[in-house]
Amino acid sequence: IDQQNDSLAAAIFTIDAAGTDFKFTRYMSGALVYTVDGKIPTEGALLVVAPSFNTIPAAGQKKYAEDRIKTLPRGEKTVIKEINDISIDHMKGYEIIADGLSKSGAPALVYQAMLFDETGQYYVISGEAAAAPGKYLITFRKIAQTFKRK
C-alpha cells in the first residue's frame, strides 16, 4: 500500500504542488503538510492546507482570517502587510501576506489564504518561508490557485 497516495486520497480537497519545490510530507487531522526537504520538523519552507472544524458567519470572516494568522507559531510577532480578496474553487476568501519569524527567529514570509463556502465552513492554506520570500510568495499563490474541493 502506498501510504502517500492513501493520505492524499483521504483529504477532502486537492492541491497541486507539481513544478514547485514542495514535497508532500504528511497527512495530519485532515490537513496536508508539504515541505521542501520532505521532513517534519523542517528547516525550510512549509505549506499546510487544512479544512475547518467549525463555521464562521460571513460578517466575521475577514476579522477571523486576520485573527487566525496570529494563532500560527510565533504569530504574536506577525505583522500583516497585505489583505486581498480572493476567489478560488467558487469560494470567496482572503489572502494575507505578513512578515513573521521562523523557528530560528529569522525574518520570514507568512502567507495565508482562507476560503469560505456558502455555509461558513472554511479551508486554510498557510505557508512560511524564511529564505527567498519573493520566490515563495509566487509559489504559495500558485499552489493556492490549484485548490479544489472533492
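Let us look at the structure shown here. (Residues numbered from 1 in each chain as written. Predicted model: local features only at pLDDT ≥ 70, side-chain atom pairs only at ≥ 80, totals over all residues. Heavy atoms only, no water.)

Focus on the environment of Ala50
Here is step 1 of the chain: Tracing the backbone shows Ala50 in strand E4 (residues 46-55).
Here is step 2 of the chain: As for Ala50 and Gly30, which are separated by 20 residues in sequence, their C-alpha atoms are 6.3 Å apart.
Here is step 3 of the chain: In this structure Ala50 touches Phe13, Ala31, Tyr122, Tyr123 and Val124, once residues within four positions along its chain are discounted. (Helix = DSSP H or I, 4+ residues; strand = E, 2+ residues; numbered from the N terminus. Contact = heavy atoms within 4.5 Å.)

Observations regarding the side chain of Thr42
Here is step 1 of the chain: Along the chain, Thr42 turns up in the loop between strand E3 (31-35) and E4.
Here is step 2 of the chain: By relative accessible area, which is 8% here, Thr42 ends up buried.
Here is step 3 of the chain: The residues contacting Thr42, other than those within four sequence positions of it, are Thr35, Asp37 and Lys103. (Buried < 20%, exposed > 50% of the residue type's maximum accessible area, 1.4 Å probe, protein only.)

Considerations on unusual backbone geometry
Here is step 1 of the chain: Of note, the bond from Ile40 into Pro41 is cis; its omega dihedral lies within 30 degrees of zero at -5°.
Here is step 2 of the chain: In this structure, Pro41 sits in the loop between E3 and E4.
Here is step 3 of the chain: Although it is not a glycine, Arg74 sits at a positive phi angle of roughly 65°.
Here is step 4 of the chain: Inspection of the secondary structure assignment puts Arg74 in the loop between helix H2 (61-69) and strand E5 (79-88).
Here is step 5 of the chain: Arg74 gets classed as partly exposed once you look at its relative accessible area, which sits at 26%.
Here is step 6 of the chain: Of note, the phi angle at Asp89 is positive, near 50°, even though the residue is not glycine.
Here is step 7 of the chain: Among the secondary structure elements, Asp89 is positioned in the loop between E5 and strand E6 (91-101).

Thoughts on the sheet that holds E6
Paired through their backbone hydrogen bonds, the strands of a sheet run either parallel or antiparallel.
Here is step 1 of the chain: A sheet is described by the order of its strands in space; here seven strands give the open sequence E2-E3-E4-E8-E7-E6-E5, paired in antiparallel fashion. Of all strands in the sheet, those bounded by a partner on one side alone are strand E2 (23-28) and E5. Between one strand axis and the next, the sheet turns by 20° as a mean value, whatever way the strands run.
Here is step 2 of the chain: Two strands pair when backbone bridges link them, and strand E7 (residues 107-116) and strand E8 (residues 121-129) are joined in this way by eight bridges, in the antiparallel orientation. Note that in E8 the partner of Val110 across the bridge is Glu128.
Here is step 3 of the chain: The strands that H2 touches are E4, E5, E6, E7 and E8; relative to E7, the one it contacts most, it runs at about 150°.
Here is step 4 of the chain: Sheet strands in contact with helix H3 (residues 133-145) are E4, E5, E6, E7 and E8, and its direction is about 15° off that of E7. (Pairing = 2+ DSSP bridges. Axes fitted to C-alpha atoms, helices over the stretch in contact; angles between N-to-C directions.)

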